[in-house]
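Given next are the chains, with one letter for each unit.
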Amino acid sequence: MKKQYLITSIISLLLLTSIKITAQNTNFSPKAFISISGNIGRHNVRFIDFADAPGASFGFQVSVGIYALQKEGYEGGLHFTLVEGASYNKNRRQLSEDFDLPNPDFDKHHIFKFAQFRSSNIGWFSKVKVGELELFHQLGIGIFGTTELDQLYDFGLHNSLGVITGKQPDKLRFMIGVSHDKQVGSGNPNYTMSNIGVLFGGRRSF
């Protein structure tokens, strides 16, 4: 009899704990988030009216954000995103040296075969719940370009779109998506740059 009572008590305690945890997760209202992802894709440096120098790219992306709007099925706010990466093209350095500037009033840049690049941007993020999944989108405006000795920065536009898995919003959750960065400024009209890649990593809200 005592054994049955003990078992019943343990089961009841486990059920109550489970209900409490579920309620806490359901009522969780995030204030901020951080995500860290790997990025594999294609980076291209375009020498206007001369040649393209694309190459396989790899790197990482870090985003931090603050929630500003929370509604049924939708959340959004401000984010800061940093993308660091590199790509390789065996002809890129020679192309940059042979490039005859269409607009001679702007600087000439020598770009390495193994080009390193960075996107630093701020903007708005959105998160929409669809069934068991959550879709996210980040739009940002900032600076995008190479980080070499002969740097080539310009205004850039950043886009990230993907899916977040997992049911517990206050735990680390897996995310996968695509990311796109492109120069949109006219700081040096002789060059333009872009990178598109697949994102895979984790995201956690606080």
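Everything below is about the structure shown above.
Cut-offs applied
Residues numbered from 1 in each chain as written. Predicted model: local features only at pLDDT ≥ 70, side-chain atom pairs only at ≥ 80, totals over all residues. Heavy atoms only, no water. Helix = DSSP H or I, 4+ residues; strand = E, 2+ residues; numbered from the N terminus. Contact = heavy atoms within 4.5 Å. Salt bridge = Lys/Arg side-chain N within 4 Å of Asp/Glu carboxyl O. Buried < 20%, exposed > 50% of the residue type's maximum accessible area, 1.4 Å probe, protein only. Phe/Tyr/Trp six-rings, centres within 6.5 Å; stacked < 30°, edge-to-face > 60°. Pairing = 2+ DSSP bridges. Axes fitted to C-alpha atoms, helices over the stretch in contact; angles between N-to-C directions. Core = buried A, V, L, I, M, F, W, Y, C linked by side-chain atoms within 4.5 Å. Patch = residues over 30% accessible without salt bridge, like charges linked within 9 Å, V, L, I, M, F, W, Y side chains within 5 Å. Areas by Shrake-Rupley, 256 points an atom, 1.4 Å probe, with all protein chains shown as cover.

(A) Region of the structure containing the environment of Ala-56. Positionally, Ala-56 belongs in strand S2 (residues 51-71). Distance from Ala-56 to Ser-87, taken between C-alpha atoms, is 5.4 Å for residues 31 residues apart in sequence. Dropping the residues within four chain positions of it, Ala-56 is found in contact with Gly-41, Ala-86, Ser-87 and Tyr-88.

(B) Fine view of the pattern of salt bridges. By the definition in use, this model includes six salt bridges. Arg-46 is the partner of Asp-52 in a salt bridge, and the nearest nitrogen-oxygen pair spans 3.6 Å. Ionic pairing is found between Arg-118 and Glu-84, a salt bridge with its closest N-O pair at 2.5 Å. A residue pair is termed long-range when its members are at least 10 positions apart, and Arg-118 in strand S4 (residues 114-130) and Glu-84 in strand S3 (residues 74-88) qualify at 34 residues. Judged by relative accessible area, Arg-118 falls into the partly exposed class, the value being 31%. The class for Glu-84 is buried, based on a relative accessible area of 18%. A single network of salt bridges, built from pairs that share partners, joins Glu-75, Lys-127, Glu-134 and Arg-173.

(C) View of the packing of aromatic side chains. Inspection of the entire model under this criterion finds nine aromatic pairs. For the ring pair Phe-33 and Phe-125, a centre distance of 4.8 Å and an interplane angle of 75 degrees mean the geometry is edge-to-face. You can see Phe-33 sitting in strand S1 (residues 32-47) and its partner Phe-125 sitting in strand S4, a full 92 residues away along the chain. Ring geometry for Phe-47 and Tyr-191: centres 5.8 Å apart, planes at 65 degrees, overall edge-to-face. A residue pair is termed long-range when its members are at least 10 positions apart, and Phe-47 in strand S1 and Tyr-191 in strand S8 (residues 191-205) qualify at 144 residues. Given a relative accessible area of 1%, Phe-47 falls into the buried group.

(D) Seen up close, the sheet that holds S1. Judged by pairing direction, the barrel is antiparallel, and its eight strands sit side by side in the order S1-S2-S3-S4-S5-S6-S7-S8 before closing back on the first. The average undirected angle you get between the axes of adjacent strands in this sheet is 20 degrees. Where S1 meets S8, 15 bridges bridge the pair, whose relative direction is antiparallel. In the sheet register, Ile-36 faces S8, and the bridge partner there is Gly-202.

(E) Structural view of the nonpolar core. Formed by 14 residues in total, the largest nonpolar core has its most connected members in Val-45, Phe-47, Phe-99, Ile-111, Leu-152, Tyr-191 and Met-193. Elements with a contribution of two residues or more to this core: S1, S4 and S8.

(F) Here's a closer look at a nonpolar patch on the surface. A cluster of nonpolar side chains, contributed by Ile-40, Phe-58, Tyr-88, Phe-114, Leu-161, Phe-174, Ile-176, Val-178, Val-198 and Phe-200, occupies part of the molecular surface with about 940 Å² of accessible area. Within the residue set of the nonpolar patch, elements represented by two or more residues are strand S7 (173-183) and S8. For the nonpolar patch, the element with the most residues is S7, which contributes three residues.

(G) Structural detail: the pairing of S7. Of the two faces of S7, the one holding Arg-173, Met-175, Gly-177, Ser-179, Asp-181 and Gln-183 is buried and the one holding Phe-174, Ile-176, Val-178, His-180 and Lys-182 is not buried anywhere. Bridge count for strand S6 (residues 152-164) against S7 is nine bridges, and the pairing is antiparallel. Looking at the pairing, Ser-160 lines up with Ser-179 of S7. Summarising the sheet, S7 and S8 pair through 10 bridges and their orientation is antiparallel. Residue pairing in the sheet places Phe-174 in a bridge with Gly-202 of S8.

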